[in-house]
Amino acid sequence: MDEKRGEVRLRRPDSSEQAKEFTFDSVYDDKSRQEDIYVNSVFPVVENVLIGYNGTVFAYGQTGTGKTFTIEGYDNPPDMMGVMPRSFETIFSNIQCDNPEQRQYLVRASYMELYKEDIRDLLSPNPKAKLELHEKPDTGVYVKDLIMTVVTSVQELKKIQMIGRKNRTTAETKMNDHSSRSHAIFTITIETSEPGVDGKPRIRAGKFHLVDLAGSERQSKTEAVGERLEEATKINLSLSTLCHVISSLVDSRSSFTPYRNSKLTRLLQDSLGGNTKTVMIANIGPADYNYDETLNTLRYASRAKHITNKPRINEDPKDAMIREFQNEIERLKAELAQIDRDPNATPETLLRQQAILEKMGGAKLSQDRLKELAEENKARAREVEARRMLIRQTTQEVTTEKQKILENLKKHEEENLKKMEDMNELKRQLKKKELQLHLHNENLEREKKRKLLEDQQMQAALEEERIKQRRLADSLKQKEEERVVWQQKFATQREEVEAKSKVLNRMWKKLQSLKTKMRETEELFWSEREDTMNQICDFNREAKLLDLIIENFIPEHERKKIEKCAHWDKENEIYRLVPPKPKTHLSREKRPVSAIGLKLSLIHISEPTRPLYISYAVFCLKKKKKKK
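From a predicted model like this one, the values you see are computed outputs, not experimental measurements. (Residues numbered from 1 in each chain as written. Predicted model: local features only at pLDDT ≥ 70, side-chain atom pairs only at ≥ 80, totals over all residues. Heavy atoms only, no water.)

Undergrad: Please explain empty space enclosed by the protein as it appears in this structure.
TA: Leftover empty space is mapped by rolling, across the atoms, a probe with the size of a water molecule. Under the criterion given, the structure shown has 1 cavity of 30 Å³ or more. Counted as a void, the largest cavity has a volume near 60 Å³. Among the secondary structure elements, those contributing two or more residues to the lining of the largest cavity are strand S4 (104-115) and helix H6 (227-250). Considering each element in turn, the lining of the largest cavity owes the most residues, 4 residues, to H6. Partitioning the lining of the largest cavity into residue classes produces 3 nonpolar, 3 polar and 5 charged. (1 Å grid on protein atoms, 1.4 Å probe; cavity = no way out; pocket = protein on both sides within 12 Å on 5 of 7 lines; lining within 4 Å. Points joined across faces, edges and corners; volume = space filled by probe spheres on them. Helix = DSSP H or I, 4+ residues; strand = E, 2+ residues; numbered from the N terminus. Nonpolar A, V, L, I, M, F, W, Y, C, P; charged D, E, K, R; others polar.)

Undergrad: Just checking my understanding: could you explain the side chain of Ser-180 for this structure?
TA: Within the secondary structure layout, Ser-180 lies in strand S11 (residues 179-180). Using a relative accessible area of 12% as the deciding quantity, one classes Ser-180 as buried. The residues touching Ser-180, leaving out its near neighbours within four places in the chain, are Thr-68, Arg-168, Thr-169, Thr-170, Asp-212, Ala-214 and Ile-235. (Buried < 20%, exposed > 50% of the residue type's maximum accessible area, 1.4 Å probe, protein only. Contact = heavy atoms within 4.5 Å.)

Undergrad: How should I be thinking about the pattern of salt bridges in this particular structure?
TA: On inspection of all chains with the given rule, the structure shows 28 salt bridges. The residue Glu-7 makes a salt bridge to Arg-5 at a minimum N-O spacing of 3.5 Å. On the basis of relative accessibility, which here comes to 10%, the residue Glu-7 falls in the buried class. (Salt bridge = Lys/Arg side-chain N within 4 Å of Asp/Glu carboxyl O.)

Undergrad: Just to check I follow, could you spell out the nonpolar core for this structure?
TA: Generally speaking, soluble globular proteins have nonpolar side chains that are buried together. Membership of the largest hydrophobic core comes to 37 residues, with the highest contact counts inside it found for Ile-91, Phe-92, Phe-186, Ile-188 and Phe-208. At 8 residues, helix H1 (residues 34-50) tops the list of elements feeding residues into this core. Membership of the second largest hydrophobic core comes to 27 residues, among which are Ile-246, Leu-264, Leu-268 and Ala-304. (Core = buried A, V, L, I, M, F, W, Y, C linked by side-chain atoms within 4.5 Å.)

Undergrad: Teacher, can you tell me more about the packing of aromatic side chains here?
TA: The geometry of an aromatic ring pair comes down to the distance between the two centres and the angle between the two planes. Scanning the model with the defined rule gives 4 aromatic pairs in all. For the ring pair Tyr-38 and Phe-43, a centre distance of 6.3 Å and an interplane angle of 70° mean the geometry is edge-to-face. Overall, Phe-43 belongs to the buried group, its relative accessible area being 1%. Among the aromatic residues, those joined into a cluster by ring pairs are Phe-88, Tyr-111 and Phe-186. For the cation-ring pair, Lys-277 lies above Tyr-53, with the distance from its terminal atom to the ring centre recorded as 5.0 Å. (Phe/Tyr/Trp six-rings, centres within 6.5 Å; stacked < 30°, edge-to-face > 60°. Lys NZ or Arg CZ within 6 Å of the ring centre and 35° of its normal.)

Undergrad: Just to check I follow, could you spell out the environment of Lys-200 for this structure?
TA: With respect to the element layout, Lys-200 can be found in the loop between strand S12 (183-195) and strand S13 (201-212). Among residues more than four places away in sequence, those in contact with Lys-200 are Glu-194 and Pro-195.

Undergrad: Quick question: what am I supposed to make of the pairing of S13 here?
TA: Consecutive side chains along a regular strand alternate between the two faces of the sheet. Within S13, 9 of the 12 residues are buried, which leaves it mostly tucked inside the rest of the structure. Looking at chain direction, strand S3 (residues 55-61) and S13 are connected through 5 bridges and run parallel. Paired with Gly-55 across the strands is Phe-208, a residue of S13. Sheet topology note: the S12/S13 ladder contains 12 bridges and is antiparallel. Each bridged residue has a counterpart across the sheet, and for Ser-193 the counterpart in S13 is Ile-203. Hairpin connection of S12 to S13: 5 residues between the antiparallel strands, including Gly-199 at a positive phi of 90°. (Pairing = 2+ DSSP bridges.)

Right, here's the structure in full:
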């Protein structure tokens, strides 16, 4: 591998044939870091998704070559994080660094897998349930009832990733302990709303697809049997359809692209030749016994490089949810304002009390008794007066003591109040300092993220510029060599012959390389054609078996009923049985009229059996006449 020139050279082991060369935008060997792959190849796609483009990153290659590691990686250490968690951080770093008053964001996520051509929702409570694939003229292909979760942080996206990873179908094979048995698609939808020139909100929506394809397998190497073999067959069939789609898109003479031959290619239809910025990561291994698989991977990656997509910014999409969220927020604000204007006050209950008057009556007494009572009353009055004086003196003492106690309490309360005010002031100052420190930390964190994004943008721009310079330098070098050789003036004919012989040798090697590629391409074509013919033969054999079963075990009238009720579903490409509409009383056929004197109708009786029914009817009439 030559990272500077972006070249991969592949040589067959124990062979003297010339090495095959493949050129790509970027090449990473075993010493490359996950961060380099993300920043140089994936980061520009994520940046474009944030401004409204669609983006797709998918890993393609043989089983066991590290596709899942490239997409997901490991959580610890951070250097081992893959493309998926790094893109999470980039998305929310951009959102946090942006001004929320100028631009609002809504981020949603979904996670699904394609297992044996059945679509499953990895976030559903029942992840084994099958979902249907539909298509709309305005929005394109979509999965019905797929769960889309609104997320507000990196941690929520990582939680969704963990749930999907747990529910995804994996198994052990001879070539991989944790082999993915399905194609997984993680989709992040980012909707933005910002005021336009006319003051109205301008909505954009970008979709970012992270596709982890299951690896191609050979049964002779994986030794798969039973369910594993069935899974491998479905995986290879969908990958083969993907390769056919790539070949059809590259071939200018092709007028038809077989997207509908597989659900995988239908889901990736926009990513291949459509409205998407796409990055294909081709994973290969160094093992010499996987030479054929590595060669096929490099070939299809080289073909995919020539696919031309037509990405555009998705403005005012019809399925945008941020507009619904904004309308809901405005409605809730209006309700809150109405509640503030008309508060509901609870009335106080007042208790009324009435005084009860008691009437008392006196009795007539003698004069002596009245005097005695008067003396007793005077004595009691003096005693009461003495007690009153004592109580008054005691009350004055108590009042003086109470006054002292109240003054002391008031003094203590003032001191405590002053202490509380001092403490509250200290708390306010401390809270102010903490808020300043928190804002300072947030500013530092935001500035750090902004610098990291700027560094990543600069590194991505430098990598793109380096690729352009490398392509331009190779082109100029080739043209310069041809021009110098054929326009150079030589001192002797021997020098001219030697120089031109070198050019001819180089051209001859290129010619031989092209012939080898043509031969290999032709062999690959015939191999694929043979596989296609074998599949057609298998389908024909299965169709003939079904015809045999229908002819011998299903009556003719039942078969016609099924044919009448069968309707072709274009979206799912299957036949569905639709029961006929029940006839109403207006459209119901009139009951046939029987012949006179006969109990059975003769209208719907076939000609050979009609004389039998007539003879039976005549015999019944004669029998009735004899009884009479």
